Amino acid sequence: MDAPIASVPSRAQIVTLTMNPALDITTSVDVVRPTEKLRCATQRYDPGGGGINVARIAHVLGGSASAVFPAGGPTGGLLMSLLNEERVPFRQIPVLASTRESLTVNENSTGRQYRFVLPGPRLTFAEQALCLDQVRAAAESAEFVVASGSLPPGVPADYYQRVADICQGMGVRFILDTSGGGLQHVSSGVYLLKASERELRECVGRPLATESEQFAAARGLIEKGCAEIVLVSLGSHGALLVTPAADQRFSAIPMRNGSGVGAGDAMVAAITIGLSRGWPLDKAVRLGIAAGAAMLMTPGTAVCDRADIEKLFALAPEPCDVTLCD
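In this text the structure is predicted, and so the values were computed from the model without any measurement.

Trainee: It is not clear to me how the overall build of the protein chain should be interpreted in this structure. Could you clarify?
Mentor: Along the protein chain, the regular secondary structure elements total eleven helices and 14 strands. Relative to the compact-globule value of 20 Å for 326 residues, the protein chain shows a C-alpha radius of gyration of 19 Å, a close match. When the backbone C-alpha atoms are referred to their principal axes, the protein chain occupies close to 55 × 50 × 40 Å. When each of the 326 residues of the protein chain is scored for burial, the buried share is 54%.

Trainee: Would you take a moment to explain the packing of aromatic side chains for this structure?
Mentor: Given two aromatic rings, one states the distance between the centres and the angle between the planes to describe the pair. Enumeration over the complete set of coordinates arrives at two aromatic pairs. Measuring from ring centre to ring centre gives 5.5 Å for Phe-69 and Phe-90, while their planes differ by 40°; the resulting arrangement is tilted. With Phe-69 in strand β4 (residues 65-71) and Phe-90 in strand β5 (residues 90-94), this pair connects stretches of sequence that are 21 residues apart. On the basis of relative accessible area, Phe-69 is assigned to the buried category, the value being 0%. Residue Phe-90 is classed as buried on the basis of its relative accessible area of 0%.

Trainee: How do you make sense of the sheet that holds strand β6 (residues 100-107) when you look at a structure like this?
Mentor: Sheets are built from strands that pair by backbone hydrogen bonding, the pairs being arranged parallel or antiparallel. A sheet is described by the order of its strands in space; here four strands give the open sequence β3-β2-β6-β7, paired in mixed fashion. Only two strands of the sheet have a single neighbouring strand rather than two, namely β3 (44-48) and β7 (113-117). Across the sheet, the mean angle from the axis of one strand to that of its neighbour is 20°, orientation sign disregarded. The pairing of strand β2 (residues 22-29) with β6 spans eight bridges and is parallel. Across the sheet, the residue bridging to Asp-24 is Ser-102, located in β6. Packed onto the sheet, helix α2 (residues 73-86) meets β2, β3 and β6 and runs at close to 90° relative to β3.

Trainee: Got a minute to help me understand the confidence of the model for the protein chain in this structure?
Mentor: Here the protein chain shows a mean pLDDT of 92. Residues at 70 or above account for 95%. Note that pLDDT drops below 50 for residues 1-10; the model gives that stretch 25 contacts with residues more than four away or on any other chain.

Trainee: How do you make sense of helix α8 (residues 263-276) when you look at a structure like this?
Mentor: The α-helix advances 3.6 residues per turn, and as a result positions three or four apart in sequence lie on the same side. Taking 1.5 Å of rise per residue, 14 residues should cover 20 Å, and α8 covers 20 Å from first to last C-alpha, within 8% of that figure. Across the 14 residues of α8, 13 count as buried, placing the element largely inside the fold.

Trainee: Any chance you could explain the sheet that holds β5 here in plain terms?
Mentor: What the ten strands build is an open sheet, ordered β5-β4-β1-β8-β9-β10-β11-β12-β13-β14; its pairing is mixed. Because the sheet does not close on itself, it has two edges, and the strands there are β5 and β14 (320-321). The pairing of strand β10 (residues 190-196) with strand β11 (residues 227-233) spans six bridges and is classified as parallel. In the sheet register, Lys-194 faces β11, and the bridge partner there is Leu-231. Against the sheet, helix α6 (residues 197-204) makes contact with β9 (173-177), β10 and β11, and its axis sits at roughly 110° relative to β10, the strand it touches most. Strands in contact with helix α9 (residues 281-294) are β10, β11, β12 (239-242) and β13 (247-250); relative to β13, the strand with the most contacts, it is inclined by about 30°.

Trainee: Is there a simple way to explain the environment of Val-322 in this structure?
Mentor: With respect to the helices and strands, Val-322 occurs in helix α11 (residues 322-325). Between the C-alpha atom of Val-322 and that of Leu-240, which follows or precedes it by 82 residues, the distance is 9.6 Å. Setting aside its immediate chain neighbours within four residues, Val-322 contacts Phe-215, Asp-247, Gln-248 and Arg-249.

Trainee: Even after reading the chapter, I still don't get α9, so can you show me in this structure?
Mentor: Here α9 spans 20 Å end to end across 14 residues, near enough to the 20 Å set by a 1.5 Å rise per residue. Among the 14 residues of α9, twelve are classified as buried, and the element is accordingly described as predominantly covered. Of the residues making up α9, those classed as buried are Leu-281, Ala-284, Val-285, Arg-286, Leu-287, Gly-288, Ile-289, Ala-290, Ala-291, Gly-292, Ala-293 and Ala-294. At its buried positions, α9 is contacted by β10, β11, β12, β13, α8 and α10 (306-313).

Trainee: Can you walk me through the pattern of salt bridges in this structure?
Mentor: Close approach of charged atoms allows side chains with opposite charge to pair. Counting across every chain of the model gives 15 salt bridges. One salt bridge connects Arg-219 with Asp-247, and the closest N-O pair in it is separated by 2.4 Å. With a gap of 28 residues between them, Arg-219 in helix α7 (residues 211-223) and Asp-247 in strand β13 connect regions that are remote in the sequence. With a closest N to O distance of 3.1 Å, Glu-310 and Arg-306 form a salt bridge. Of this pair, Glu-310 and Arg-306 both sit in helix α10, four residues apart, which is roughly one turn of the helix. A relative accessible area of 35% places Arg-306 in the partly exposed class. Members of the salt-bridge network, linked through shared partners, are Arg-44, Asp-46, Arg-56 and Glu-86.

Trainee: Hey, could you run me through the pairing of β2 in this one?
Mentor: Where a strand is regular, its side chains alternate between the two sheet faces. Most of β2 is tucked away: eight of the eight residues are buried. Side chains Ala-22, Asp-24, Thr-26 and Ser-28 of β2 all project onto a buried face; the interleaved residues Leu-23, Ile-25, Thr-27 and Val-29 project onto the opposite face, where all are buried too. Across five bridges, β2 lies against β3 in antiparallel orientation. Across the sheet, Thr-26 pairs through a bridge with Arg-44, a residue of β3.

Cut-offs applied
- Residues numbered from 1 in each chain as written.
- Predicted model: local features only at pLDDT ≥ 70, side-chain atom pairs only at ≥ 80, totals over all residues.
- Heavy atoms only, no water.
- Helix = DSSP H or I, 4+ residues; strand = E, 2+ residues; numbered from the N terminus.
- Rg over C-alpha atoms; globule rule 2.2 N^0.38 Å.
- Buried < 20%, exposed > 50% of the residue type's maximum accessible area, 1.4 Å probe, protein only.
- Phe/Tyr/Trp six-rings, centres within 6.5 Å; stacked < 30°, edge-to-face > 60°.
- Pairing = 2+ DSSP bridges.
- Axes fitted to C-alpha atoms, helices over the stretch in contact; angles between N-to-C directions.
- Contact = heavy atoms within 4.5 Å.
- pLDDT = per-residue confidence, 0-100.
- Expected span 1.5 Å × (residues − 1).
- Salt bridge = Lys/Arg side-chain N within 4 Å of Asp/Glu carboxyl O.

In structure tokens:
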């Protein structure tokens, strides 16, 4: 039986959309070997999917956020129960198919991490339409809508463009973090587009071997009208920020190796929180880098601590304006 829906605030400043949520399962084993039966450690369950993770981190940082997502079956019920435990408000769109699971296995002997990600359920046209209706209803009082994560089977590649159109019509700033066709079919209406180097490369369809090529590709998306701002996350190498006015380079915060699962979602959440507080964009990005680094200190997709984010934020270097630094 589905879990009861958490109370939804009458005015959530941030609304997140997760079209392909997942029940994240994390475990560990000494050595990963083919064909053998592997005895794993006790599993950990977390509610997952890009937008859900964004809402969870926003909640940790004291933001007003509500997660919108389709969910069904026993895994969907457990996912909602976990969100209730974390006291993260959400709006569930009931679907016939069962919510997917994602498995992360940490190999103790090497420190390697193996991630097994299932495609997710096929949503009907009616279920897809209900998701858009819920986004529209939730966004009536919101300042930001954040769509994050992949599109499940059967959802058209231009779905996020439809979300962008809704946000643009309502005067709500739309932040997008996705990949594949969901990114390639966005042509307008995005306030901030966050992409990894791989996602940016796949979007523009050419190699991006140098930083200058990465900046040029991001600026090309702005010039085409796809987004007002493009942020390229580079993991341990920091991030690149491109706006109509400037190109900036952000250094990463040095961290010991850890699980990077959910680091990108944490970055997006913290940036959105910073912007909702009226911070300058570069300061919000520094908070995002701190939140992403803090996720390296957590097991699986467990949320990071606010105290850790704030401590790392104090260490985050100021950005460098590329035209001045080079």
